[in-house]
Amino acid sequence: MPILNRAAELQSEVTEWRRHLHMNPELLFAVENTAAFVERKLKEFGVDEIVTGLGRTGVVGIIRGNLGTGRTIGLRADMDALPINEASGKAWASTTAGKMHACGHDGHTAMLLGAAKYLAETRNFAGSVAVIFQPAEEGGGGGNEMVKDGMMERFAIEEVYGMHNMPGMPVGHFGSRVGPIMASTDEFTITINGRGGHAAQPHKTIDPIVIGAQIVNALQTIASRTVDPLGSVVVSVTKFNAGFAHNVIPEQAVLAGTVRTLMPEVRDTGEARIRQIAESIAGAYGATVNVWYGRNYPVTVNHAEETGHALAAAATVAGAAQVNASLDPMMGGEDFSYMLLARPGAFIFMGNGDTAGLHHPAYDFNDEAIPHGISYWVKLAETRLAA
């Protein structure tokens, strides 16, 4: 079936909202102007209840249906941008140096606003829809903050759904899967304390650079020799800082990186093995080591029944042939994972077409995807809250 006629009619207006947001990006929790824009629009639409300041700067609007009382489901969009200098060359490019919507959160926010306008006009459902506009997805854990602020309980949300655009997937296509769909996003820092000295007398030193190199190599065995190949783990060392002169072996070296997994037990194994490897290798060379390991976003795990509902709604909009129900999981992270720990739900991807990749300075959300996203949200809400 095609997209909703009303969603197609709204495309031009929603595109204007999207480009306004794109020109005015904000980071993490400091999304006051974006949140105020969302609040103004929700008021214009006649949304029944609007609450601001959830999770510090999040916004929730409640739209009640005309078909009687019933459950409440949540539809979530993220609002924050990234600390990147834009290179898209678009007329609506960021007007703020060092900030840009390089992940499409401007499109996510605009599409959910479009869906909110439609749902407030028609109200063809029983119960209530909570439209959730979240800050600080890009590393701040805004989803967790909204959950901790009691959002689910306050609005009696029983199910929650999220959506993200995907460059490379054709516009009008959708994809998801039951179970893990995005990875946990942990970080580590390994500080190696050796004994410095003259580079011409290495035998009198405990060289932290050599030790660090051995640790970097050994960490790769976590994926190749510790975890089941079907278990999915990525261990990437992304920083190696040591030394200050050509003829001096330094006292200290610092390594840092990230660990991505799709299963909690593999996450535990990764952390344990990083500590074991670093401590054992450092000890073998006579050095000491300090390992800091920080657990960030958990694995994003789709619930089976709710994923079925999401895929069915997408098929209603796009046609079954354009919906991938077995999308490969991704090793990027997503703080919608916290909402899925609090309530059953599902996360789905929609096509952004042949555009630059996410987090790339030339990226731009594809406005042709807007009516598809609005139609998906509407169909999902109406089917999950059918009278």
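Residues numbered from 1 in each chain as written. Predicted model: local features only at pLDDT ≥ 70, side-chain atom pairs only at ≥ 80, totals over all residues. Heavy atoms only, no water.

Asks: Just checking my understanding: could you explain the packing of aromatic side chains for this structure?
Replies: One pair of aromatic rings is described through two measures. These are the centre distance and the angle between the planes. In the structure shown here, the tally under the stated rule is six aromatic pairs. When the ring of Tyr 297 is compared with that of Tyr 338, the centres are 5.9 Å apart and the planes differ by 80 degrees; the resulting orientation is edge-to-face. Of this pair, Tyr 297 sits in the loop between strand E13 (288–294) and strand E14 (300–302) while Tyr 338 sits in helix H10 (residues 336–342), placing them 41 residues apart in sequence. Take Tyr 297 and Tyr 338: they sit in the same class, and that class is buried. Put simply, the rings of Phe 174, Tyr 376 and Trp 377 touch in pairs and so form one group of aromatic residues. (Phe/Tyr/Trp six-rings, centres within 6.5 Å; stacked < 30°, edge-to-face > 60°. Helix = DSSP H or I, 4+ residues; strand = E, 2+ residues; numbered from the N terminus. Buried < 20%, exposed > 50% of the residue type's maximum accessible area, 1.4 Å probe, protein only.)

Asks: Explanation requested: the sheet that holds strand E10 (residues 233–242) in the structure shown.
Replies: The strands making up a sheet associate through backbone hydrogen bonding, with each pair oriented either parallel or antiparallel. The strand order E10-E12-E8-E13 describes an open sheet built from four strands, whose pairing is antiparallel. Each edge of the sheet is formed by a strand with only one pairing partner; in this case those strands are E10 and E13. The average angle at which neighbouring strand axes cross in this sheet is 15 degrees, direction not considered. Two elements, strand E8 (residues 184–193) and E13, share seven bridges in a ladder whose sense is antiparallel. Opposite Phe 188, over in E13, you have Tyr 293 as the bridge partner. Here helix H8 (residues 264–284) sits on the sheet in contact with E8, E10, strand E12 (252–261) and E13, set at roughly 165 degrees to E13. (Pairing = 2+ DSSP bridges. Axes fitted to C-alpha atoms, helices over the stretch in contact; angles between N-to-C directions. Contact = heavy atoms within 4.5 Å.)

Asks: Teacher, can you tell me more about the sheet that holds strand E4 (residues 128–134) here?
Replies: With respect to topology, eight strands assemble into an open sheet ordered E1-E2-E4-E3-E5-E16-E6-E15, the strand pairing being mixed. Each edge of the open sheet is held by one strand with a lone partner, namely strand E1 (49–54) and strand E15 (323–324). Helix H3 (residues 105–122) contacts strand E2 (58–64), strand E3 (72–78), E4, strand E5 (157–166) and strand E16 (345–351) of the sheet and is inclined by roughly 145 degrees relative to E3. Against the sheet, helix H9 (residues 304–318) makes contact with E5, strand E6 (174–175), E15 and E16, and its axis sits at roughly 30 degrees relative to E16, the strand it touches most.

Asks: Help me understand the nonpolar core in this model?
Replies: As a rule of thumb, soluble globular proteins bury nonpolar side chains together. Counting residues in each nonpolar core, the largest one holds 55 residues, and the members touching the most others are Leu 42, Leu 75, Phe 133, Phe 174, Ile 374, Tyr 376 and Trp 377. A total of nine residues in this core trace back to one element, the largest contributor, which is H3. In this structure, Ile 211, Ile 215, Leu 255 and Ala 278 belong to the second largest nonpolar core, which totals 24 residues. (Core = buried A, V, L, I, M, F, W, Y, C linked by side-chain atoms within 4.5 Å.)

Asks: What is the right way to read the pattern of salt bridges from this model?
Replies: When charged atoms on two side chains of opposite charge get close, those side chains can pair. Throughout the structure, instances matching the rule amount to 24 salt bridges. Connected via shared salt-bridge partners are Arg 18, Arg 19, Lys 90, Asp 106, Asp 364 and Asp 367. (Salt bridge = Lys/Arg side-chain N within 4 Å of Asp/Glu carboxyl O.)

Asks: Is there a simple way to explain the pairing of E16 in this structure?
Replies: Counting buried positions along E16 yields seven of seven residues, so the element is predominantly enclosed. With seven bridges connecting them, E5 and E16 associate as parallel partners. Bridging across to E16, Tyr 161 finds its partner in Ala 346.

Asks: Explain the UniProt feature "domain: Peptidase M20 dimerisation" (unreviewed entry) in the chain here, please?
Replies: When the UniProt feature table is mapped to this numbering, "domain: Peptidase M20 dimerisation" (unreviewed entry) covers residues 188–284. Taken end to end, residues 188–284 is 40% helix and 31% strand, and its first and last C-alpha atoms sit 21 Å apart. (UniProt positions renumbered as here; feature names shortened; annotations may be inferred.)

Asks: For this particular structure, what's the right way to read the packing of helix H6 (residues 208–219) against H8?
Replies: Helix-helix packing is described using two parameters, namely the angle between the two axes and the distance between the axes. It is the contact of H6 with H8, at a shortest axis distance of 10 Å, that shows an interaxial angle of 145 degrees. The chirality of how H6 crosses H8 is right-handed. Contacts between H6 and H8 involve Ile 211, Gln 214, Ile 215, Ala 218 and Leu 219 from the former and Ile 274, Ile 277, Ala 278, Ile 281 and Ala 282 from the latter. Of the residues belonging to the contact of H6 with H8, the class tally is nine nonpolar, one polar and no charged. (Left-handed = near helix turned anticlockwise from the far one by under 90°. Nonpolar A, V, L, I, M, F, W, Y, C, P; charged D, E, K, R; others polar.)

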